[in-house]
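Here are the chains, one letter per residue:
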Amino acid sequence: ISLADTLPRAVIAAHSSADDQYQDYEFAGLDTSEQAFSLGYNILECGFQVILDMNSYAQLDMAVMIQVNVIRGMFKWANDNPGKRVPSYVYLDEAQRFLPQNLNDSVIKNKELIQGLLDAYMDILAIGGKRGLNPLILTQRFAQVNNKIMAQSEVFFLMRQTHDTDLKRCMEYASDPITKEQISK
């Protein structure tokens, strides 16, 4: 089942050329940074639950630019409406691909966009909480995610890790005594 089928106020955001794929859903065509910013603002204004189809963009850099501007729009709404703030989660799946420890290894080719995405998530981590914006950083390779965003995270759900570098990184973040053997199980 699609996540869009389970969320009560789901909107699928994608490049406008993908509208045929999503005729059964509320759809928002995003082709410009202005449209993305506006949707970000409206996510909180209208209570939307947005799923961004990054694969709908011919170039990943365009999808990342859209993502960054959606986040910026959410911050604008939160700053404009301090008395109406509600918790909202901003997900980054496959974080090791987009914001790896070494940013030169990112699948994003435009260095300014990599920095823009990193800055957006750093803002969510540093000042987003008091504005109701909360990050969820998802990855299968914990050790490969950029330390700048991992170091500011407060809650970790660490699943089974077996690779030596992931185990080592988990040990660095463990607040309670735990062994590598426990983590690998």
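Here, the structure is the one placed above.
All values derive from a computational prediction rather than experimental measurement.

Quick look at the overall build of the protein chain
- For the protein chain, the helix and strand inventory stands at eight helices and five strands.
- The order of helices and strands in the protein chain, counted from the N terminus, is α-β-β-α-β-α-β-α-α-β-α-α-α.
- A compact globule built from 185 residues would reach a C-alpha radius of gyration of about 16 Å, and the protein chain, at 17 Å, matches this within 12%.
- Taken across its 185 residues, the protein chain has 38% of its residues classed as buried.
- Taking as baseline every contact in the protein chain between residues at least 6 positions apart, the subset at least 24 positions apart corresponds to 60%.
- As displayed, the protein chain has an accessible area near 10600 Å², and 49% of this comes from carbon and sulfur atoms.

Here we look at the pattern of salt bridges
- On inspection of all chains with the given rule, the structure shows two salt bridges.
- Asp-123 is the salt-bridge partner of Arg-72, the closest N and O atoms lying 2.9 Å from each other. Here Arg-72, found in helix H3 (residues 60-80), pairs with Asp-123, found in helix H5 (residues 111-128); they are 51 residues apart in sequence, far enough to count as distant.
- Across the pair Lys-76 and Asp-80 runs a salt bridge, and its minimum N-O distance is 3.1 Å. Of this pair, Lys-76 and Asp-80 are both found in helix H3, four residues apart, which corresponds to roughly one turn of the helix.
- According to the relative accessible area criterion, Asp-80 is partly exposed, its value standing at 38%.

Some remarks on the packing of H3 against H5
- Direction vectors running N to C along H3 and H5 enclose 30°, while the axes themselves pass 9 Å from each other. Looking at the two axes, H3 sits roughly parallel to H5. Where H3 crosses over H5, the two elements pack in a sense that is left-handed. Of H5, the residues touching H3 (which contributes Asp-61, Val-64, Met-65, Gln-67, Val-68, Ile-71, Arg-72 and Phe-75) are Leu-113, Gly-116, Leu-117, Asp-119, Ala-120, Tyr-121, Asp-123, Ile-124, Ile-127 and Gly-128.

Some thoughts on a nonpolar patch on the surface
- A contiguous nonpolar patch, built from Tyr-89, Tyr-91 and Leu-138 and spanning about 330 Å² of accessible area, is present on the exposed surface.
- Structurally, the position occupied by Tyr-91 is in strand E4 (residues 88-92).

A few points about unusual backbone geometry
- Of note, the phi angle at Glu-94 is positive, near 55°, even though the residue is not glycine.
- Along the chain, Glu-94 turns up in the loop between E4 and helix H4 (95-98).
- Residue class for Glu-94 comes out partly exposed when judged on its relative accessible area of 26%.

Remarks on the environment of Ala-120
- Take Ala-120: it is sitting in helix H5.
- The class of Ala-120 is buried, set by a relative accessible area of 0%.
- When the C-alpha positions of Ala-120 and Tyr-41 are compared, they lie 15 Å apart, and in sequence the two are 79 residues distant.
- Each residue touching Ala-120, except ones within four places of it in the same chain, is listed here: Ile-71, Arg-72 and Phe-75.

A look at the packing of aromatic side chains
- The final tally for this structure, using the stated rule, is one aromatic pair.
- Here Tyr-22 and Phe-27 contribute two aromatic rings whose centre-to-centre distance is 6.0 Å and whose plane-to-plane angle is 15°, an arrangement assigned as stacked.
- Residue classification places Tyr-22 among the buried positions, given a relative accessible area of 14%.
- The ring of Phe-98 carries Arg-97 above its face, with NZ or CZ at 5.5 Å from the centroid.

Focus: the nonpolar core
- Within the largest apolar cluster, 41 residues are counted, with the highest numbers of intra-cluster contacts made by Leu-99, Leu-117, Tyr-121, Ile-137 and Ile-149.
- Of all the secondary structure elements, the ones that give two or more residues to this core are strand E1 (10-14), helix H2 (33-46), H3, E4, H4, H5, strand E5 (133-137) and helix H6 (147-150).
- If sequence neighbours within four positions are ignored, Leu-99 has contacts with Leu-92, Ile-114, Leu-117, Leu-118, Tyr-121, Gln-144, Val-145, Asn-146 and Ile-149.
- Of all hydrophobic cores here, the second largest spans six residues; its members include Ala-10, Ile-12, Ala-14 and Ala-18.

The rules behind these values
- Residues numbered from 1 in each chain as written.
- Predicted model: local features only at pLDDT ≥ 70, side-chain atom pairs only at ≥ 80, totals over all residues.
- Heavy atoms only, no water.
- Helix = DSSP H or I, 4+ residues; strand = E, 2+ residues; numbered from the N terminus.
- Rg over C-alpha atoms; globule rule 2.2 N^0.38 Å.
- Buried < 20%, exposed > 50% of the residue type's maximum accessible area, 1.4 Å probe, protein only.
- Contact = heavy atoms within 4.5 Å.
- Areas by Shrake-Rupley, 256 points an atom, 1.4 Å probe, with all protein chains shown as cover.
- Salt bridge = Lys/Arg side-chain N within 4 Å of Asp/Glu carboxyl O.
- Axes fitted to C-alpha atoms, helices over the stretch in contact; angles between N-to-C directions.
- Parallel < 35°, antiparallel > 145°, perpendicular 65-115°, else oblique.
- Left-handed = near helix turned anticlockwise from the far one by under 90°.
- Patch = residues over 30% accessible without salt bridge, like charges linked within 9 Å, V, L, I, M, F, W, Y side chains within 5 Å.
- Phe/Tyr/Trp six-rings, centres within 6.5 Å; stacked < 30°, edge-to-face > 60°.
- Lys NZ or Arg CZ within 6 Å of the ring centre and 35° of its normal.
- Core = buried A, V, L, I, M, F, W, Y, C linked by side-chain atoms within 4.5 Å.

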